[in-house]
Amino acid sequence: MADEFSSRGGVAYIDPGVTAWSQGFASHKNATWPFARLRVDAERVLITSLFGKFKVTRANLVSITHFRGIPVLADGVRFVTSDHEDAVIFWALRGKKVRDELLRRGWKIQ
């Protein structure tokens, strides 16, 4: 992918209705750092982990939101797509960097 940004992190698959850490959610699947990788360019976001690939495109995107996580340890970005039953949170130690790189490539974060 041209002009790709990549970051290691963790991933959690959760109910799409969960919007905040304080809601006391349980993840359906969870992999901690460094067992997930996010790759982003202008056309797609790809999250790979022990659970396979989660692909976000302009066509299947429902929303991208900042998911405030565990203070100091990790910060998340929550992705909801029209073709996947779970929302996916990518946890990163450098969460602001991940959000900045998404924005730089034209992905809107709510």
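The structure this text deals with has already been given above.
Predicted model, so just to flag it, every value in this text is computed and none were measured.

### Details of the pattern of salt bridges
Side chains that carry opposite charge are capable of pairing whenever their charged atoms lie near each other. Applying the stated criterion across every chain, the model contains eight salt bridges. Two residues, R105 and E101, come together in a salt bridge whose shortest N-O distance is 2.4 Å. Here the two residues R105 and E101 agree in accessibility, since each one is buried. Ionic contacts of the salt-bridge type, sharing partners, join the residues D3, K97, E101, R104 and R105 into one network.

### Observations concerning the sheet that holds strand β2 (residues 29-40)
Consider a sheet: its strands pair through backbone hydrogen bonds, and that pairing is either parallel or antiparallel. Spatially, β4-β3-β2-β1-β7-β6-β5 is the arrangement adopted by the seven strands of the open sheet, whose pairing is antiparallel. The open sheet has two free edges, formed respectively by β4 (52-57) and β5 (61-67), since each of these has just one partner strand. This sheet shows a mean twist of 30 degrees between the axes of neighbouring strands, independent of strand direction. On top of the sheet, helix α1 (residues 95-104) reaches β1 (5-14), β2, β3 (44-49), β5, β6 (75-81) and β7 (87-92); it is set at about 40 degrees to β6, its chief contact.

### Examining α1
Restricting attention to buried positions, one finds in α1 the residues G95, V98, R99, E101 and L102. Taken end-on, α1 shows its buried residues confined to a sector of 160 degrees, consistent with a single buried face. Turned more than 90 degrees away from the buried face of α1 sit K96 and R104, all of them exposed. Residues of α1 that are buried in the fold lie against β1, β2, β3, β5, β6 and β7. Once α1 ends, the next one or two residues include G106, with phi positive near 90 degrees.

Calculation criteria
- Residues numbered from 1 in each chain as written.
- Predicted model: local features only at pLDDT ≥ 70, side-chain atom pairs only at ≥ 80, totals over all residues.
- Heavy atoms only, no water.
- Salt bridge = Lys/Arg side-chain N within 4 Å of Asp/Glu carboxyl O.
- Buried < 20%, exposed > 50% of the residue type's maximum accessible area, 1.4 Å probe, protein only.
- Pairing = 2+ DSSP bridges.
- Helix = DSSP H or I, 4+ residues; strand = E, 2+ residues; numbered from the N terminus.
- Axes fitted to C-alpha atoms, helices over the stretch in contact; angles between N-to-C directions.
- Contact = heavy atoms within 4.5 Å.
- Arc of directions from axis to C-beta.

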